[in-house]
Amino acid sequence: MNLDELIYYLDGGNDSELFARSAAAKSQGVGNQTHPRGLIELSNICPKDCYYCGIRQPNKEINRYQMKFEDIVAAADFAHANNYGSIAIQAGEQQSPQFTQLITDVLTELQTRHSPPLGITLSLGEQTKETYAQWRLAGAHRYLLRIETSNEKLYYTLKPNTPKHLFNNRLQSLKDLRECDYHVGSGVMIGLPNQTTTDLANDLLFLKNLDVDMCGMGPYIKHHNAPLQDSKQSINERITLTIRMIALLRIMMPNINIVATTALQTLDENGYKKGLNAGANVLMPNITPPKYCVDYNLYDNKQYVDILSEDFNIEWGNLGDSPHYIARTK
Ligand code: SAH
Ligand code: SF4
């Protein structure tokens with residue numbers, strides 16, 4: 001699809017055709033089953049200052065925590081016992097040797113602890129290529145690093161233009177991850193202040209061009225203690241835009257894994273279901289111990305939905321790898 005077509009569909013040019021095409025692309029590209037990943041929010045310690053994020057370093061009104069090795073392994077045991085097949089480990093962006101080692105130790109332990117081992121996605125921000133390689137070798141095989149927006153100018157309204165936050169570093173990380181042989185995931189936020197439909201269409205072309213194996217994209221939601229202003233779009237507008245983005249990406253990249261995000265579920269009590277219907281095929285239910293996850297608030301009113309209690313067509317006990325990765329590395 002070209003830029004004009006993408007803008008046409010994003011503007012609501014023909015929803016019935018869009019969703020019919022994405023449903024066909026989904027069943028042909030990845031089938032109709034949903035892959036679960038148990039999400040472990042390992043730490044809310046972060047040295048960065050992303051203006052949209054509730055756990056950014058300057059926010060003094062939260063308790064900082066870091067899960068201990070034993071807690072992390074216990075959460076993974078829970079995922080294994082409940083047949084999740086895969087986990088995702090997410091945290092603020094710590095680059096210390098101690099943190100790198102903790103993750104390496106956890107990954108090493110998890111390779112032998114369960115048989116077969118859980119699939120492991122990391123989402124730990126920008127790291128050196130050496131660190132990415134070390135974690136890959138220790139057993140992580142997927143990595144999620146959202147570009148947030150592919151428009152560099154808009155990017156610097158989301159983050160300060162300082163050495164810690166350079167757009168080019170984020171691009172370099174995505175390249176390094178691919179070279180380290182990860183299944184690479186990226187994505188964007190939808191409904192950012194000053195983001196246009198053309199920006200979103202360009203984001204889709206960016207993801208296609210990057211040849212991602214996975215994607216997580218969801219609506220931007222204001223955090224009361226973060227300086228980025230609220231979205232100019234209503235909740236309903238952001239929900240609609242998000243499911244159109246998912247549907248378009250599914251048509252453009254039929255065999256990648258796409259997440260129906262918690263941010264979408266937070267804005268709409270049927271968000272997971274709408275995301276899956278539009279073309280997503282992954283859910284990431286939170287399995288962080290409650291004593292920690294109350295302090296992992298990226299945005300306000302974050303929702304916790306039990307996917308066991310609803311019919312999401314979950315395929316339990318499987319890795320659910322992206323067919324796109326398998327095809328491109330054959
Ligand atoms: N520190 C890592 C991972 C944790 S943040 C990183 O930044 O990559 C994970 C994702 O949460 C971010 O990529 C961002 O897209 C999303 N996020 C953070 N704050 C948000 C907000 N206010 N609204 C919607 N999504 C948000
Ligand atoms: Fe840190 Fe990620 Fe939040 Fe940025 S988005 S402040 S890197 S946790």
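Everything in this summary refers to the structure shown in the same document.

The rules we used
Residues numbered from 1 in each chain as written. Chains lettered and ligands numbered in written order. Predicted model: local features only at pLDDT ≥ 70, side-chain atom pairs only at ≥ 80, totals over all residues. Heavy atoms only, no water. Phe/Tyr/Trp six-rings, centres within 6.5 Å; stacked < 30°, edge-to-face > 60°. Helix = DSSP H or I, 4+ residues; strand = E, 2+ residues; numbered from the N terminus. Buried < 20%, exposed > 50% of the residue type's maximum accessible area, 1.4 Å probe, protein only. Lys NZ or Arg CZ within 6 Å of the ring centre and 35° of its normal. Salt bridge = Lys/Arg side-chain N within 4 Å of Asp/Glu carboxyl O. Contact = heavy atoms within 4.5 Å. Core = buried A, V, L, I, M, F, W, Y, C linked by side-chain atoms within 4.5 Å. Pairing = 2+ DSSP bridges. Right-handed = clockwise from strand over helix to strand, strands pointing away.

A few words now on the packing of aromatic side chains. All told, the structure shown has 10 aromatic pairs when counted by the stated rule. An angle of 90° between the planes, with centres 5.5 Å apart, marks the rings of Y84 and W316 as edge-to-face. Separated by 232 residues along the polypeptide, Y84 in the loop between α3 (69-81) and β3 (86-91) and W316 in the loop between α12 (290-293) and α13 (323-328) bring together distant segments of the chain. Its relative accessible area of 6% is what places Y84 among the buried residues. Taking the centre distance of 5.6 Å and the plane angle of 80° together, the rings of Y143 and Y182 count as edge-to-face. Taken together, the positions of Y143 in strand β5 (residues 142-144) and Y182 in the loop between α7 (167-179) and β6 (183-186) put the pair 39 residues apart, joining distant regions of the chain. By the burial criterion, Y143 is buried, and Y182 matches it. Through a chain of ring-to-ring contacts, three or more aromatic side chains come together here, namely F78, Y84 and W316. The aromatic ring of Y182 is capped on one face by R136, whose charged end is 5.9 Å from the ring centroid.

Looking now at the pattern of salt bridges. As enumerated under the stated definition, the model contains 15 salt bridges in all. R113 is the salt-bridge partner of E109, the closest N and O atoms lying 2.8 Å from each other. Here the residue E109 and the residue R113 both occupy positions in helix α4 (residues 97-113), the gap between them amounting to 4 residues, near one helical turn. Exposure remark for E109: the relative accessible area of 25% places this residue in the partly exposed category. On the basis of relative accessible area, R113 is assigned to the partly exposed category, the value being 40%. Here D213 ties to R328 by a salt bridge, and the two come within 2.7 Å at their closest N and O atoms. One end of the pair, D213, is in the loop between α8 (197-210) and β8 (214-216); the other, R328, is in helix α13, and 115 residues separate them in sequence. When its relative accessible area of 0% is taken as the criterion, D213 is described as buried.

Another point: the side chain of K48. Within the secondary structure, K48 is located in the loop between β2 (38-43) and α3. Leaving out residues up to four positions away in the same chain, K48 has contacts with R56, Q57, P58, E93, E126, K164, H165 and R170.

Another aspect to go through is the nonpolar core. In this structure, I87, L122, Y182 and M217 are the most contacted members of the largest nonpolar core, which totals 92 residues. Sorting elements by how many residues they give to this core places helix α9 (residues 235-252) first, with 10 residues. In contact with L122, other than residues within four places in its own chain, are I89, I103, L107, W135, A140, R142, Y143, L144 and Y182. L39, A88, V282 and M284 belong to the second largest nonpolar core, which has 7 residues in total.

In this section: the pairing of β2. On a regular strand, each side chain points to the face opposite its neighbour's, so the side chains alternate between the two faces of the sheet. Summarising burial for β2: 6 of the 6 residues are buried, a large majority. As defined by bridge partners, β2 adjoins β3 across 5 bridges and the pair is classed as parallel. Pairing of S43 across the sheet is with A91, part of β3. You can see the chain leave β2, run along α3 and come back into β3, and the turn it takes is right-handed.

Side-chain alternation along β6 places H183 and G185 on one buried face and V184 and S186 on a second face that is also buried. Relative to β6, β5 is paired through 3 bridges, and the arrangement is parallel. Each residue of the ladder has a partner; that of Y143, found in β6, is V184. Here β6 pairs with β8 via 2 bridges, running parallel. Bridged to G185 within β8 is M214.

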